[in-house]
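# Reading the structure
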Amino acid sequence: MAKVVTLGEIMLRLSTPGYRRFVQSDSFDVNYGGGEANVAVSLANYGHDAYFVSKLPNNPIGQSAVNSLRKYGVHTDYITRGGDRVGIYYLETGASMRPSKVVYDRAHSSISEATIDDFDFDEIFKDAKWFHFSGITPALSKEAADLTEAACKAAKANGVTVSVDLNYRKNLWTPEEAQKVMTNLMQYVDVCIGNEEDAHLTLGFKPGDTDVTTGELELEGYKNIFKQMIDKFDFKYVISSLRESYSASDNGWSACAYDGNEFYVSRKYEVRIVDRVGGGDSFASGTIHGLLEGKNFKDALEFGVAASALKHTINGDFNLVTVEEVENLVGGDASGRVQR
């Protein structure tokens, strides 16, 4: 299996029990998660040597975040310690027509104030095969954006494949700010992953008449912007998840990809949602796993979609499924029958 590196922020997640609203709750369930940390956990579960790179405070909460990764086999050798706080996000899980809500409390987290001097990227990328980051990390601060670019440069210098999940977060920056930073980072990227809204807000590409609110998909629009993206940035693959949002509880879930020659749309799953946070990360990591295993991009996409469909049924940010479980679903077993 491959050495895979991800860089980003892991946060303390405080979620209301069940489907309670914030104003109803007098306690929170505790988990840890964050885009690139979620990807690292999935890849570790699939058997890869997954390394998560970050900075966390040297206190019990920082150590708890580290332990949450070690529990699932993620290597934490390259997490440096320092700074004052772990970022926090609060989650209220929606149902039916009531959407989920997220409130962030992540300003001045340790990773947002980290500098290039905190990390030895040549050592980090030694013998690595893949590096993954998201649009969330460079949005945290100017320092984090510089850190992300330094990591990308080092990855390319060491012959490492680089992927990005565009992940736009409106609470962190504006589309104008995002496009300035992310357009520059695309020069290092081999595999670009994101949904239609992310591609529009971070890179300025809008896929036809797709409506992110209703989930109405116009696939020809995706094909057209994928061609434009490859022409502009010379990506090897452009990949997008496709979410049809019937309600907060029920979604249609599929994906599409383009390799410069062929546009491919995956099988669609009808998903009853338990927890959709981390769904995109599980899709990215499943697709990355497929590509690392030598699958063609269509089979890798099918693995990623199935992995993410399963993630929507699991509470917490992390996707705790096995390769066998994903392959069973890809093979057509969506019965949900009890395994005895």
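Notes on the structure follow.

Rules used in this analysis
Residues numbered from 1 in each chain as written. Predicted model: local features only at pLDDT ≥ 70, side-chain atom pairs only at ≥ 80, totals over all residues. Heavy atoms only, no water. Helix = DSSP H or I, 4+ residues; strand = E, 2+ residues; numbered from the N terminus. Rg over C-alpha atoms; globule rule 2.2 N^0.38 Å. Buried < 20%, exposed > 50% of the residue type's maximum accessible area, 1.4 Å probe, protein only. Contact = heavy atoms within 4.5 Å. Areas by Shrake-Rupley, 256 points an atom, 1.4 Å probe, with all protein chains shown as cover. Lys, Arg positive; Asp, Glu negative; His and termini not counted. Charge placed at Lys NZ, Arg CZ, Asp CG, Glu CD. Axes fitted to C-alpha atoms, helices over the stretch in contact; angles between N-to-C directions. Parallel < 35°, antiparallel > 145°, perpendicular 65-115°, else oblique. Left-handed = near helix turned anticlockwise from the far one by under 90°. Nonpolar A, V, L, I, M, F, W, Y, C, P; charged D, E, K, R; others polar. Pairing = 2+ DSSP bridges. Salt bridge = Lys/Arg side-chain N within 4 Å of Asp/Glu carboxyl O.

## Concerning the overall build of the protein
Within the protein, the secondary structure is distributed over eleven helices and 14 strands. Taken against the 2.2 N^0.38 rule, which gives 20 Å for 340 residues, the C-alpha radius of gyration of the protein at 19 Å falls within 12% of a compact globule. Each of the three principal axes of the protein carries a C-alpha extent, and together these read 50 × 45 × 45 Å. Put simply, the protein has 340 residues, and 54% of those count as buried. Expressed as a percentage of contacts within the protein between residues at least 6 apart in sequence, the contacts between residues at least 24 apart total 69%. Carbon and sulfur atoms provide 45% of the accessible area of the protein, an area that totals close to 14600 Å². The protein carries 35 positive and 48 negative side-chain charges, and their two centres are separated by 3 Å.

## Concerning the packing of helix 1 (residues 35-45) against helix 9 (residues 279-292)
In contact at an axis separation of 9 Å, helix 1 and helix 9 are set at 45° when each is read in the N-to-C sense. Judged on the interaxial angle alone, helix 9 and helix 1 are oblique. Read as a crossing pair, helix 1 and helix 9 show a hand that is right-handed. Residues G35, N38, V39, S42 and L43 of helix 1 touch helix 9, and the partners they reach there are D281, S282, S285, I288 and H289. For the contact of helix 1 with helix 9, a count of residues per class yields three nonpolar, six polar and one charged.

## Remarks on the environment of F205
Relative to the helices and strands, F205 is located in the loop between helix 7 (196-203) and helix 8 (219-233). For F205 and Y222, which are 17 residues apart along the polypeptide, the C-alpha to C-alpha distance reads 9.4 Å. Dropping the residues within four chain positions of it, F205 is found in contact with E196, A199, H200, I225, Q228, M229, K232 and F233.

## A word on the pairing of strand 8 (residues 130-134)
Of all five residues that make up strand 8, five are buried, and the element is covered over most of its length. Every second residue of strand 8 is oriented toward a common face, with W130, H132 and S134 on one face and F131 and F133 on the other, all of them buried. As judged from the three bridges shared by strand 1 (residues 3-7) and strand 8, these two strands associate in the parallel manner. The residue of strand 8 that forms the bridge with V5 is F131.

## A short note on the pattern of salt bridges
Tallied over the entire structure, the rule returns 13 salt bridges. We note a salt bridge from R13 to D275, for which the minimum N-O separation is 2.6 Å. In this pair, R13 sits in strand 2 (residues 11-15) while D275 sits in the loop between strand 14 (269-272) and helix 9, placing the two residues 262 residues apart along the sequence. For the residue pair R13 and D275, the accessibility class agrees, reading buried in each case. Here R21 ties to E92 by a salt bridge, and the two come within 3.0 Å at their closest N and O atoms. You can see R21 sitting in the loop between strand 2 and strand 3 (29-33) and its partner E92 sitting in strand 6 (residues 88-92), a full 71 residues away along the chain.

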